[in-house]
Amino acid sequence: MNTKTRLKAMKAVYTYFFPEVRKLVHGTDNLRDDLFLTNTSMEEAQRIVDSLNFRKKIITPATLEGKIDLDAIHEPVVERITEIYEKVVSGISDYRYRYFTSGSSEGIFHILAELKAQGTDQIFTLAGEYEGYKEYGKTLGIKTREIDIDRTRISALEKGVWFISNPSAKYGNIVSNSTIQEICDRGNKIFLDLAYVGSTKGHEFNASHENISALFLSFSKPYGVFRFRIGFTLSQEPINSLYANKWFKDIQRVLTAVKIAEEIGPNTLYEKYKEKQFLIVERINQEFGLNVSASDALLLGNISGSNADKLSNAQKELLFPYKRGNGYRLCLTPYYEEIERGGLTI
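Conventions adopted
Residues numbered from 1 in each chain as written. Predicted model: local features only at pLDDT ≥ 70, side-chain atom pairs only at ≥ 80, totals over all residues. Heavy atoms only, no water. Axes fitted to C-alpha atoms, helices over the stretch in contact; angles between N-to-C directions. Helix = DSSP H or I, 4+ residues; strand = E, 2+ residues; numbered from the N terminus. Parallel < 35°, antiparallel > 145°, perpendicular 65-115°, else oblique. Left-handed = near helix turned anticlockwise from the far one by under 90°. Contact = heavy atoms within 4.5 Å. Nonpolar A, V, L, I, M, F, W, Y, C, P; charged D, E, K, R; others polar. Core = buried A, V, L, I, M, F, W, Y, C linked by side-chain atoms within 4.5 Å. Buried < 20%, exposed > 50% of the residue type's maximum accessible area, 1.4 Å probe, protein only. Phe/Tyr/Trp six-rings, centres within 6.5 Å; stacked < 30°, edge-to-face > 60°.

If you had to explain the packing of helix α4 (residues 105–117) against helix α5 (residues 131–140) to someone new, which residues and values would you point to?
At their nearest, the axes of α4 and α5 sit 10 Å apart, and the two run at 40° to each other. The angle between α4 and α5 falls in the class oblique. Here α4 runs over α5; the crossing is right-handed. Every residue of α5 that contacts α4 at S105, I108, F109, L112, A113 and K116 is listed here: Y133, Y136, G137, T139 and L140. When grouped by side-chain class, the residues that make up the contact of α4 with α5 number 7 nonpolar, 3 polar and 1 charged.

Now, about the environment of L330: what can you tell me, with residues and values included?
By secondary structure assignment, the location of L330 is in strand β13 (residues 327–331). Here L330 is in contact with L7, A9, M10, L299, L300, G301, L319 and Y322, once residues within four sequence places are set aside.

Outline the packing of helix α3 (residues 74–85) against helix α8 (residues 251–263), listing residues and values.
Viewed as axis vectors pointing N to C, α3 and α8 meet at an angle of 20°, and their least axial separation amounts to 10 Å. In terms of orientation, α3 and α8 fall into the roughly parallel class. α8 is crossed by α3, and the crossing has left-handed handedness. Together, H74, V77, R80, I81 and I84 of α3 and V254, L255, A257, V258, A261 and E262 of α8 make up the contact between the two elements. Residues that form the contact of α3 with α8 fall into these classes: 8 nonpolar, 1 polar and 2 charged.

Describe the nonpolar core, and please don't skip the residues or the numbers.
Among soluble globular proteins, nonpolar side chains are generally buried collectively. Ranked by internal contacts, the top residues of the largest apolar core, which has 92 residues, are Y85, V89, W162, L215, F219 and F232. Excluding residues that lie within four positions of it along the chain, F232 makes contacts with V78, I81, Y99, F100, T101, G103, L215, F216, L217, F219 and A257. If you look at the next biggest cluster of nonpolar residues, it comprises 15 residues, including I108, I111, F191 and A214.

Residue-level account of the packing of aromatic side chains, with values.
The full count for this structure, using the stated rule, is 19 aromatic pairs. Between Y133 and F163 the ring centres are 5.5 Å apart and the planes differ by 45°, which places this aromatic pair in the tilted class. Note that Y133 is positioned in helix α5 and F163 in strand β5 (residues 161–165), a separation of 30 residues in sequence. With respect to class, Y133 is no different from F163; both count as buried. Seen in terms of ring centroids, W247 and F248 are 6.1 Å apart; in terms of plane orientation they differ by 75°. Their pairing is edge-to-face.

In structure tokens, the structure reads:
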């Protein structure tokens, strides 16, 4: 093992700004100012939106006076995106209340705040989950119980509220639909965080169970637009504190979301980059003598708990910053960037 060289992987998950996405992000930079004027007619606004050449027409909403209704412009956008995502998230179109949010984190915090107001003092997560649930909950006085489902029977737990990321933030691997269904069937309420969906290996995430209360969808990790804050919260029930988001949203990013979903969509990037992911992991293993596996989510590599037991003390020391539960998770973004710059050949 090379003990003099440190791993280039990151502990926190900072996304790779995929080259395919960059041109789409800037494709809405030159929108005509008339789109943002309250006196612009619906017909003129429609011509401006049509100039973006969406694959399917986005019908521009209008006020009763026939002017552009910017408060509602996210509605046809979310409708189009759920239509595209229905292929990988079954049931997503059935969530009636839809909010454009700053990534997924905004929706997570608002729902936690509403749960607290309704008397919820505890939530369940899977062991090694996304830290945001616990940290947001802590500021609201909500306790987080982390459950290792490999060692704990769901039936032995009291009913409660669960926040689950899928693919899991623990290792970046998919949580089976049967696991989600078992938790739901026990009478638990689930808030399902799909933050990695979009650069994940082929899988149909079943969101159709009646006990899945809301979905969080973000373009940050899967498409690399973390700094542009594009996300959605889709809920079975109204989220009153998100109502004002219809006024407080970035119209340019709302429209950018459609371009990303249509031009790239939730399946393209994984198929294009999975070979690079596997080769990056192979390079790490060769250089450090490790047993890292490529995660289901393109950005990540992981060492499961069972494989972690086989590591030497020196290897465990090297990997200590990446410890996640009883295993390890590595963010591969620096390697993707190095490949792009030509500094890493694989």
